[in-house]
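# An overview of the molecular structure
Given next are the chains, with one letter for each unit.
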Amino acid sequence: MGKIVLFMGPSSSGKNVIKSRLIKENTIALKEMIMSTTRPKRTGEVEGREYYFKTEKEMLELEEQGKVIEKRKYDTIYGPWYYFTTSSTIDLENYNYIGDNTLEGLDQFVKFYGLENIISLLIKVDDGIRLQRALDREKNEVNPKYQELCRRFLADSIDFSEENINKRPITSIIYNNSSLDNTMEEVEKVLKLYL
């Protein structure tokens, strides 16, 4: 049976860059778990690559069918945005998967698949570095949403507090403050221990 590798961390911690590099380098056999969201596409995003972009109605239909493993709602200044994962996109009998999620999402994955099938990696980064990364990314958008960036940054400080982290069965905490190559080495060491 396969396992699910879940990366967690606040926005702009580098979890998506790490995940993408692992998939691209393909040194460890991992299939990408593509989540769904009701938020609008960002510049350069492609349907089915970063997310499956769904309407709220489509999400509710999937939920009624029992296909939503986990979901979360963010009350943004643009209205509610949902992020969710469906079981119809996961085949643990044949593959190991890699994805990213929240601490609450980790709880739901563990409940659905069992702790023995989940490898959870928390990516931590200095707040100043994280804020600069977020600003750099947002200013490249056609219509930058700086207010939403600030809201999310502050919300992440609460969501990823030490108290919330300590309540979860985190497999490993990895720091991404220096070079990406060093971070990748640490991630690969952990994955080779558990896969």
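Values in this document were obtained by computation on a predicted structure and should not be read as measured data.

On the basis of which strands lie adjacent, the open sheet formed by five strands has the order 2-7-1-8-9 and parallel pairing. Each edge of the open sheet is held by one strand with a lone partner, namely strand 2 (31–32) and strand 9 (172–175). Judged from the five bridges that link them, strand 1 (residues 4–8) and strand 7 (residues 97–101) form a sheet pairing that is parallel. By the bridge assignment, I4 is partnered in strand 7 with Y97.

Turning next to the side chain of T76. Along the chain, T76 turns up in strand 5 (residues 68–76). Among the polar contacts made by the side chain of T76, one reaches the main-chain amide nitrogen of Y78 at a distance of 3.0 Å. Once residues lying within four places of it in the same chain are set aside, the contact partners of T76 are W81, E148 and R151.

Below, the discussion takes up a negative patch on the surface. Together, E47, E58, E61 and E64 make up a region of like negative charge exposed at the surface. Position of E58 relative to the elements: it lies in helix 2 (residues 56–64). On the accessibility criterion, E58 (33% relative accessible area) is partly exposed.

Each value, and the rule that gives it
- Residues numbered from 1 in each chain as written.
- Predicted model: local features only at pLDDT ≥ 70, side-chain atom pairs only at ≥ 80, totals over all residues.
- Heavy atoms only, no water.
- Pairing = 2+ DSSP bridges.
- Helix = DSSP H or I, 4+ residues; strand = E, 2+ residues; numbered from the N terminus.
- Polar contact = N/O pair within 3.5 Å; in protein donor to acceptor, adjacent residues only side chain to side chain.
- Contact = heavy atoms within 4.5 Å.
- Patch = residues over 30% accessible without salt bridge, like charges linked within 9 Å, V, L, I, M, F, W, Y side chains within 5 Å.
- Areas by Shrake-Rupley, 256 points an atom, 1.4 Å probe, with all protein chains shown as cover.
- Salt bridge = Lys/Arg side-chain N within 4 Å of Asp/Glu carboxyl O.
- Lys, Arg positive; Asp, Glu negative; His and termini not counted.
- Charge placed at Lys NZ, Arg CZ, Asp CG, Glu CD.
- Buried < 20%, exposed > 50% of the residue type's maximum accessible area, 1.4 Å probe, protein only.

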